[in-house]
Amino acid sequence: MERNIYQLANRLQAVASEKECAEYTAQNGWLDSRTKSNYEKAVLAAIRKEKRKAAKRRLQAAAACVAVLAAATAVFHEEVRAAIGQIRYSISQAIGLESSLAAYKEVIQTSVHDAGYIVTLQEAVAAPQKLALSYTVQREDGRPMNDGFEDAFYQGPQTSFDVTDRLLIDGVEADGDRQYDFRYLDKKETVMGGQISYNMADLDLSSRHTYELRLNMRDGEWNFRFWADGADMYADTVRMALGDSFVLPNGAVLSLDELIINDLEQRILCHMSEKYADEPYAVTLEATDEQGRTAVFFIGETQEDGVHATMYAQEGAFLARDARTVTVVMRAAEFEKIGPQTEEGQAYKSGREVALESADGGAATWDLTQMK
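Residues numbered from 1 in each chain as written. Predicted model: local features only at pLDDT ≥ 70, side-chain atom pairs only at ≥ 80, totals over all residues. Heavy atoms only, no water.

Attention now moves to the packing of aromatic side chains. Evaluation of the coordinates by the stated rule reveals 3 aromatic pairs. Relative to Phe226, the ring of Tyr211 lies with its centre 5.6 Å away and its plane at 20°, an arrangement referred to as stacked. Linking Tyr211 in strand S8 (residues 208-217) with Phe226 in strand S9 (residues 220-229), this pair joins segments that are 15 residues apart in sequence. As far as burial versus exposure is concerned, Tyr211 and Phe226 are alike and both buried. With a centroid separation of 6.5 Å and 50° between ring planes, the pair formed by Phe298 and Tyr312 is classed as tilted. Note that Phe298 is positioned in strand S15 (residues 294-302) and Tyr312 in strand S16 (residues 308-313), a separation of 14 residues in sequence. (Phe/Tyr/Trp six-rings, centres within 6.5 Å; stacked < 30°, edge-to-face > 60°. Helix = DSSP H or I, 4+ residues; strand = E, 2+ residues; numbered from the N terminus. Buried < 20%, exposed > 50% of the residue type's maximum accessible area, 1.4 Å probe, protein only.)

Right, dumping it as structure tokens:
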């Protein structure tokens, strides 16, 4: 039924005699989702009225009203709609990747209007254990995003768009380590570009899945349904066994098992000689290549056994594609308790950072030419 409604609406627009509607059609030649929604509601009402009263004249009059309504809506939202059509915010741009991800990404370009905001899901790309999304946000009235800001859910510039997110994979809610980033894309701060990366150490995303992204704010929600396939990224993923071990300040040994790299993610699988302590360490790994470029990895997830963990490369600080040899330095800072434990849990702060010694006393170096 929806397809027929849109087809009828477009026919009505094409034969309308109203000057504004004709001029708009000649200049733009297309309708946005908001205008189409107005068409759908008005035309459907006209069709139902026609069925009830069988009055052809009434349907023609309703068609003329629809055309006028569409023209008025188009004029009112012309600037915002024109801006949406021109905006592109890629995952590569958001994360700062060397690769454009052209061979792997799904270009979605779908907009949802609610609560005075237009959210456009731009791109999605899946890797074996990671899903990355980019999106843009604008106010429907074109006002700056920082006009009347509230405390933002994301760290970064102050913005009025304060949301929480949920991700469903094949209808099942997914949980995992998340990384957020957003920035303003114009000097007037009317357009915000956002990015969410979901690291899913316990899931296999190396095949086609259906995803649902649900963004929620007190006054509105923006839901998107799309699919992404990580098969090509999986095929192009390279790996290398490591075998380096480092001694934590409490005497536990952290062993690096495998380095995994593709165009979207870089991660290290590792394990501990004993369970992660109740007061764990903030552990980071710095890998500096022969040209002095440094990639930074951090522990993002610890498995339920408390022994196995995954380290993720910091977005924007990946190992360079042309790096051949890297020297590795591991650092740890013990989390220190702040005050007594409350009903909300125990608060911690990061203590002094120290470099960890290699378990065998030697320097850790990786020959990246062995990746396969």
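Time to look at unusual backbone geometry. One non-glycine residue, Gln109, adopts positive backbone phi at about 50°. Position of Gln109 among the secondary structure elements: in strand S1 (residues 106-114). Its relative accessible area of 28% is what places Gln109 among the partly exposed residues. In this structure, Asp170 takes a positive phi of about 50° despite not being glycine. Topologically, Asp170 is positioned in the loop between strand S4 (164-169) and strand S5 (172-173).

So, about the side chain of Arg267. By secondary structure assignment, the location of Arg267 is in strand S13 (residues 266-272). Assessed through its relative accessible area of 3%, Arg267 is described here as buried. Looking at Arg267, its side chain comes within polar contact range of the side chain of Gln129, at 2.5 Å. In this structure Arg267 touches Pro128, Gln129, Glu258, Leu259, Ile260, Phe297, Thr310, Met311 and Tyr312, once residues within four positions along its chain are discounted. (Polar contact = N/O pair within 3.5 Å; in protein donor to acceptor, adjacent residues only side chain to side chain. Contact = heavy atoms within 4.5 Å.)

Moving on, we come to the pairing of strand S12 (residues 253-261). Consecutive side chains of a regular strand alternate in pointing toward one face of the sheet and then the other. Across 4 bridges, the pairing between strand S10 (residues 238-241) and S12 is antiparallel. Opposite Val238, over in S12, you have Ile261 as the bridge partner. Across 3 bridges, strand S11 (residues 245-247) lies against S12 in antiparallel orientation. Along S12, the bridge assignment pairs Phe246 with Leu254. Linking S12 to S13, which pair antiparallel, is a turn of 4 residues. (Pairing = 2+ DSSP bridges.)

Time to look at the confidence of the model for the protein. Segments scoring low in pLDDT should not have their predicted coordinates read at a detailed level. When pLDDT is averaged along the protein, the result is 77, and 72% of the positions lie at 70 or above. With pLDDT under 50 throughout, residues 1-77 is counted as low confidence; its partners more than four residues away or in other chains account for 64 contacts. The model gives residues 149-157 a pLDDT under 50, and that stretch makes 25 contacts with residues more than four places away or in other chains. (pLDDT = per-residue confidence, 0-100.)

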